[in-house]
Amino acid sequence: MHDHPDAWPFKEPVDARDVPDYYDIIKDPMDLKTMSKRVESEQYFITLEMFLTDVRRMFANARTYNSPDTIYFKCSTSCWNPFSQEKFKQAFNLVAKFSSNYVEIFNQTDLH
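Criteria and cut-off values
Residues numbered from 1 in each chain as written. Predicted model: local features only at pLDDT ≥ 70, side-chain atom pairs only at ≥ 80, totals over all residues. Heavy atoms only, no water. Helix = DSSP H or I, 4+ residues; strand = E, 2+ residues; numbered from the N terminus. Areas by Shrake-Rupley, 256 points an atom, 1.4 Å probe, with all protein chains shown as cover. Salt bridge = Lys/Arg side-chain N within 4 Å of Asp/Glu carboxyl O. Buried < 20%, exposed > 50% of the residue type's maximum accessible area, 1.4 Å probe, protein only. Patch = residues over 30% accessible without salt bridge, like charges linked within 9 Å, V, L, I, M, F, W, Y side chains within 5 Å. Disulfide = S-S within 2.5 Å. Core = buried A, V, L, I, M, F, W, Y, C linked by side-chain atoms within 4.5 Å. Arc of directions from axis to C-beta. Contact = heavy atoms within 4.5 Å. Axes fitted to C-alpha atoms, helices over the stretch in contact; angles between N-to-C directions. Parallel < 35°, antiparallel > 145°, perpendicular 65-115°, else oblique. Left-handed = near helix turned anticlockwise from the far one by under 90°. Nonpolar A, V, L, I, M, F, W, Y, C, P; charged D, E, K, R; others polar.

Engineer: Mind showing me how you'd approach the overall build of the chain here?
Structural biologist: Regarding its fold elements, the chain presents six helices and zero strands. Ordered by position in the sequence, the α and β elements of the chain form the string α-α-α-α-α-α. When the accessible surface of the chain is summed, it comes to about 6,700 Å², and 52% of that surface belongs to carbon and sulfur atoms.

Engineer: Can you walk me through the pattern of salt bridges in this structure?
Structural biologist: A side chain with one charge may pair with a side chain of the opposite charge, provided their charged atoms come close. Per the counting criterion, the structure on display carries five salt bridges. The shortest N-O distance in the salt bridge between Lys33 and Glu12 comes to 3.4 Å. Of this pair, Lys33 sits in helix 2 (residues 32-40) while Glu12 sits in the segment before helix 1 (22-25); the two residues are 21 residues apart in sequence, bridging distant segments of the chain. According to the relative accessible area criterion, Lys33 is partly exposed, its value standing at 37%. Overall, the relative accessible area of 44% leaves Glu12 in the partly exposed class.

Engineer: What is the right way to look at a nonpolar patch on the surface in this model?
Structural biologist: A contiguous nonpolar patch, built from Trp8, Ile71 and Tyr72 and spanning about 310 Å² of accessible area, is present on the exposed surface. Within the secondary structure, Tyr72 sits in helix 4 (residues 71-80).

Engineer: Please clarify how the state of the cysteines should be interpreted in this entry.
Structural biologist: As used here, a disulfide is simply a covalent bond connecting the sulfur atoms of two cysteines. Overall, the coordinates contain zero disulfides when judged by the stated rule. Cys79 provides the cysteine sulfur closest to Cys75, a residue in no disulfide bond, and the two sulfurs are 6.2 Å apart. We classify Cys75 as buried; its relative accessible area is 2%. On the accessibility criterion, Cys79 (1% relative accessible area) is buried.

Engineer: How should the nonpolar core be read in this particular structure?
Structural biologist: Soluble globular proteins tend to bury their nonpolar side chains together. Met1, Phe10, Leu32, Met35, Met58 and Phe59 are the most contacted members of the largest nonpolar core, which totals 15 residues. Those elements that provide at least two residues to this core are helix 2, helix 3 (48-65) and helix 4. Ranked by residue count, the leading element in this core is helix 3, at seven residues.

Engineer: So what exactly am I meant to see when it comes to helix 4 here?
Structural biologist: Counting along an α-helix, one turn takes 3.6 residues, and residues three or four places apart therefore face a common direction. Listed as buried for helix 4 are Phe73, Cys75, Ser76 and Cys79. End-on, the buried residues of helix 4 take up no more than an arc of 160°, which puts them together on one face. For helix 4, the elements touching its buried residues are helix 3.

Engineer: Hey, could you run me through the side chain of Arg57 in this one?
Structural biologist: As for its position among the elements, Arg57 is in helix 3. Those residues in contact with Arg57 that lie beyond four places of it in its chain are Asp28, Pro29 and Met30.

Engineer: How should I be thinking about the packing of helix 3 against helix 4 in this particular structure?
Structural biologist: Direction vectors running N to C along helix 3 and helix 4 enclose 150°, while the axes themselves pass 8 Å from each other. When the interaxial angle is binned, helix 3 and helix 4 end up roughly antiparallel. Here the hand of the crossing between helix 3 and helix 4 comes out left-handed. Each of Val55, Arg56, Phe59, Ala62 and Arg63 in helix 3 lies in contact with helix 4, whose residues at this interface are Tyr72, Phe73, Ser76, Thr77, Cys79 and Trp80. For the contact of helix 3 with helix 4, the residue count by class is seven nonpolar, two polar and two charged.

See the structure below:
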């Protein structure tokens, strides 16, 4: 997901200096950096649904805040479309099976 060509808007948290009203509108922000931290701290081992919820939230936030004609909205659609729940389940199962190397497996799993 991180390497998807349209993932660039999601790699870091939204900077409030660049988008002053973002956090007034988006109350539960999500980004790939935060998700990576959660993977590293093993927070996603509780349930796959937590991971899927964060992915959905990240893209939904982009579509909520931005109008359909913006690059950010289009990137969220482009990144979300290639994903299926089955691919997430496969990645999650790999991570759980090889938990000592889960960050490396997560980063190498083809989710796009």
